[in-house]
Amino acid sequence: MAKVIVITSGKGGVGKTTSAAALSAGLALRGHKTVVIDFDVGLRNLDLIMGCERRVVYDFINVINGDAKLHQALIKDKRLENLFVLPTSQTRDKEALTQDGVERVIGDLRQEFDFIICDSPAGIERGAFLAMYYADEAIVVSNPEVSSVRDADRMIGLLASKSRLAEQGTEMPQTLLLTRYDVERVEKGEMLKVEDVQDILAVPLLGIIPECPSVLQASNIGTPVILDEKSNAGRAYAEAVGRMLGDELPVTVPRGAKRGLIDRLLGRSA
Amino acid sequence: MSGNEQGARQVNSITEDSAPFQLRAASLTLLTLKLVNPADPDFFPRLATMLSLAPGFYRNAPIVLDLSGTGARPPVDLAEFCARLTELGINPVGIQRANAAWERAAVAAGLPSFPTGRATEAPTASKEPAKAASGGTRIIAEPVRSGRQVYAHKGDLIVIGPVSHGAELLADGHIHVYGALRGRALAGMSGDKTARIFCRVLEAELVAVAGLYMVNEQLEPALLGKPAQIWFDGAAMVQQGL
């Protein structure tokens with residue numbers, strides 16, 4: 001039974017595409033046939049993060065308009081045999097998305113894939129709306145900081161009221177992925193604590209992804225960060241994938257490592 | 001359209017206690033209709049469409065015509081204009097901010113002139129009022145998320161859960177929040193000055209009773225973050241810990 005999961009946030013730049021890439025790769029690594037769709041028409045990034053930007057021939061909009069078949073647009077990932085990418089158009093914009101077209105494409109994908117991950121654009125307009133409308137579940141991404149938490153709250157409200165599941169009277173399961181969690185800044189009080197975020201959003205926590213230089217490195221070389229075994233962020237994404245698949249893994253809040261005397265004298269961080 | 005609060009002053013009654021009447025200043029919340037181009041042929045069709053979005057909210061509503069936007073336009077036949085407004089179900093009761101020419105036309109049409117008061121931003125009547133057209137108390141047992149607007153018509157509003165920043169609660173009666181109130185709460189929307197606001201954790205952006213409002217900065221610092229009630233005692237807004 002295929003599952004359509006939307007990765008959304010409201011706020012831009014919090015880590016939706018990074019997370020969509022990492023979680024999709026993680027699901028494929030665990031043996032599930034997964035496709036990740038870029039809904040950010042006109043500002044596409046998913047193909048860059050996945051490293052397939054030089055292999056895009058046809059895209060999501062071509063398929064919606066009937067210019068190409070779904071299989072002509074799907075790009076098979078070179079590293080993982082279970083992973084496929086449906087890139088979107090860079091020359092069009094979100095007006096090119098139609099509700100019928102999206103419904104049809106997702107319907108076709110449901111026949112073949114175990115997981116369909118929808119990488120939503122930022123905002124609450126058409127692109128974000130269509131990315132979430134047909135979803136079975138939502139992962140709301142937020143940074144531990146006031147503006148993204150407020151936007152996430154708005155998005156949670158929209159998911160609960162404007163999705164198709166909501167229109168049918170069913171509650172959409174939602175989880176929270178807290179990204180770019182900078183331990184030092186949280187401990188200094190510059191960023192919100194997990195409890196504070198939970199107090200406002202009241203949505204179960206899928207995972208906490210620490211702020212990590214490996215994320216930028218991964219996007220530069222076009223590979224999902226979960227495939228970087230040395231990365232803290234990558235490991236946190238792998239745990240999140242485990243929780244998505246039902247593994248019993250309690251979420252641990254990252255804590256600052258203790259700095260020894262020499263480190264403090266020399267100004268080194270642990 | 002915007003809500004308008006006429007200045008509230010307690011005037012000493014000039015008669016003795018045995019008098020058959022009492023003359024006092026009252027604070028009323030009224031809708032204003034700002035006229036920009038009343039001669040526009042689209043005026044009434046567009047107004048009719050707007051009123052149809054929330055018919056219960058506007059039915060028989062007293063309305064003040066704000067004439068500040070008419071500029072140098074000559075006055076229209078206000079008697080006939082008002083008759084057409086009445087046909088749409090709203091009741092013009094006076095004018096505001098008119099220049100001399102419009103003022104004369106209004107007097108001729110029997111419309112009194114209201115002094116300008118401080119305008120509060122009344123919430124735009126969204127689709128919410130159309131859905132909750134039935135009266136009675138409304139209970140919401142889930143968090144009210146940012147951007148959501150809830151209006152309890154002709155009754156109280158009870159929320160069991162937090163109310164986020166950017167959310168709006170409106171009620172003709174009282175508002176109770178069994179959780180943190182971080183958004184806006186406007187009680188007594190139809191003019192009931194006895195309406196009160198109660199909450200478990202006071203962190204509201206704005207509170208209002210029958211159009212009289214206070215923003216977060218005007219809340220008692222000692223009450224912030226604590227259980228509180230807010231009401232109007234006839235002279236001023238009162239805040240008290242619960």
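As shown above, the structure is provided for reference.
Below or above, wherever it landed, is the structure these notes cover.

What counts and how
- Residues numbered from 1 in each chain as written.
- Chains lettered and ligands numbered in written order.
- Predicted model: local features only at pLDDT ≥ 70, side-chain atom pairs only at ≥ 80, totals over all residues.
- Heavy atoms only, no water.
- Buried < 20%, exposed > 50% of the residue type's maximum accessible area, 1.4 Å probe, protein only.
- Helix = DSSP H or I, 4+ residues; strand = E, 2+ residues; numbered from the N terminus.
- Pairing = 2+ DSSP bridges.
- Salt bridge = Lys/Arg side-chain N within 4 Å of Asp/Glu carboxyl O.
- Core = buried A, V, L, I, M, F, W, Y, C linked by side-chain atoms within 4.5 Å.
- Contact = heavy atoms within 4.5 Å.
- Axes fitted to C-alpha atoms, helices over the stretch in contact; angles between N-to-C directions.
- Left-handed = near helix turned anticlockwise from the far one by under 90°.
- Nonpolar A, V, L, I, M, F, W, Y, C, P; charged D, E, K, R; others polar.
- Polar contact = N/O pair within 3.5 Å; in protein donor to acceptor, adjacent residues only side chain to side chain.
- Buried area = accessible area lost by both parts, 1.4 Å probe.
- Parallel < 35°, antiparallel > 145°, perpendicular 65-115°, else oblique.

Residue and element names in this part refer to chain A. Most of strand β6 (residues 137–142) sits out of view: five of its six residues are buried. The sheet contact formed by strand β1 (residues 3–8) and β6 spans four bridges and is parallel. Following the sheet pairing, Ile5 is matched in β6 by Glu137. Sheet analysis places β6 next to strand β7 (residues 174–181), joined by five bridges and oriented parallel. Considered in β7, the bridge of Ala138 is made with Gln174.

In this structure the tally under the stated criterion is 18 salt bridges over all chains. The residue Arg185(A) makes a salt bridge to Glu190(A) at a minimum N-O spacing of 3.1 Å. The closest approach of N and O atoms between Asp66(B) and Arg97(B), which form a salt bridge, is 2.8 Å. Of this pair, Asp66(B) sits in strand β3 (residues 62–66) while Arg97(B) sits in the loop between β4 (91–96) and α4 (100–108); the two residues are 31 residues apart in sequence, bridging distant segments of the chain. Salt bridges linked by common partners bring Arg185(A), Lys188(A) and Glu190(A) together as one network.

With that settled, consider the nonpolar core. Residues and elements named next belong to chain A. Phe39, Phe60, Leu86, Leu97, Val102, Leu109 and Ile116 are the most contacted members of the largest nonpolar core, which totals 54 residues. No other element matches the six residues that helix α7 (residues 146–162) contributes to this core. With residues up to four places along the chain from it excluded, the contact list for Phe39 reads Phe60, Lys94, Leu97, Val102, Ile106, Cys118, Asp119, Ser120, Pro121, Gly127, Leu130 and Ala131. Counting residues in each nonpolar core, the second largest holds 36 residues, with Ile5, Val14, Val85 and Ile117 among its members.

Attention now goes to the packing of helix α1 (residues 16–29) of chain A against helix α12 (residues 232–244) of chain A. Residue and element names in this part refer to chain A. For the pair α1 and α12, interaxial distance at closest approach is 9 Å and the crossing angle is 65°. Considering only the axes of α1 and α12, their crossing is right-handed. Residues Thr18, Ser19, Ala22, Leu23, Gly26 and Leu27 of α1 lie in contact with α12, whose contacting residues are Tyr237, Ala240, Val241 and Met244. Of the residues in the contact of α1 with α12, the class split is seven nonpolar, three polar and no charged.

Residue and element names in this part refer to chain A. By secondary structure assignment, the location of His71 is in helix α4 (residues 70–73). For His71, a relative accessible area of 54% puts it in the exposed group. A polar contact is formed between the side chain of His71 and the side chain of Glu112, at a distance of 2.8 Å.

Attention shifts here to the sheet that holds strand β8 (residues 205–210) of chain A. Residues and elements named next belong to chain A. Across the sheet, which stays open at both edges, the eight strands sit in the order β3-β4-β2-β5-β1-β6-β7-β8 with mixed pairing between neighbours. Of all strands in the sheet, those bounded by a partner on one side alone are β3 (75–76) and β8. The sheet strands contacting helix α5 (residues 99–110) are β1, β2 (34–38), β4 (83–86) and β5 (115–119), and the helix crosses β5 at an angle near 150°. Here helix α10 (residues 194–201) sits on the sheet in contact with β7 and β8, set at roughly 145° to β7.

Turning to the interface of chain A and chain B, a few remarks are in order. Listed by partner, the interface residues are ten residues for chain A and seven residues for chain B. In total, chain A and chain B occlude about 740 Å² of area from one another, counting both sides; carbon and sulfur atoms represent 43% of this. Of all residues in chain A, Arg150(A), Asp153(A) and Arg154(A) bury the most surface against chain B, accounting for 56% of the area lost on that side. Taken together, the connections running from chain A to chain B amount to two salt bridges. Across the pair Asp199(A) and Arg182(B) runs a salt bridge, and its minimum N-O distance is 3.2 Å. Here chain A and chain B share five residue pairs in polar contact (both at pLDDT 80 or more) between them. Of all the elements in the fold, those that place two or more residues in the side of chain A that touches chain B are α7 and α10 of chain A. The element that contributes the greatest number of residues to the side of chain A that touches chain B is α7(A), accounting for five residues. Residue classes in the side of chain A that touches chain B are distributed as five nonpolar, one polar and four charged.

In this section: the packing of helix α6 (residues 126–133) of chain A against α7(A). Pairs of packed helices are described in terms of their axes, by the angle between the two and the distance that separates them. Residue and element names in this part refer to chain A. Interhelical geometry of α6 versus α7 gives an angle of 55° and a closest axis separation of 10 Å. In terms of orientation, α6 lies oblique with respect to α7. Once α6 is placed against α7, the crossing between them reads as right-handed. Taken together, the residues of α7 that come into contact with α6 (itself represented by Ala128, Phe129, Met132 and Tyr133) are Met155, Leu158, Leu159 and Lys162.

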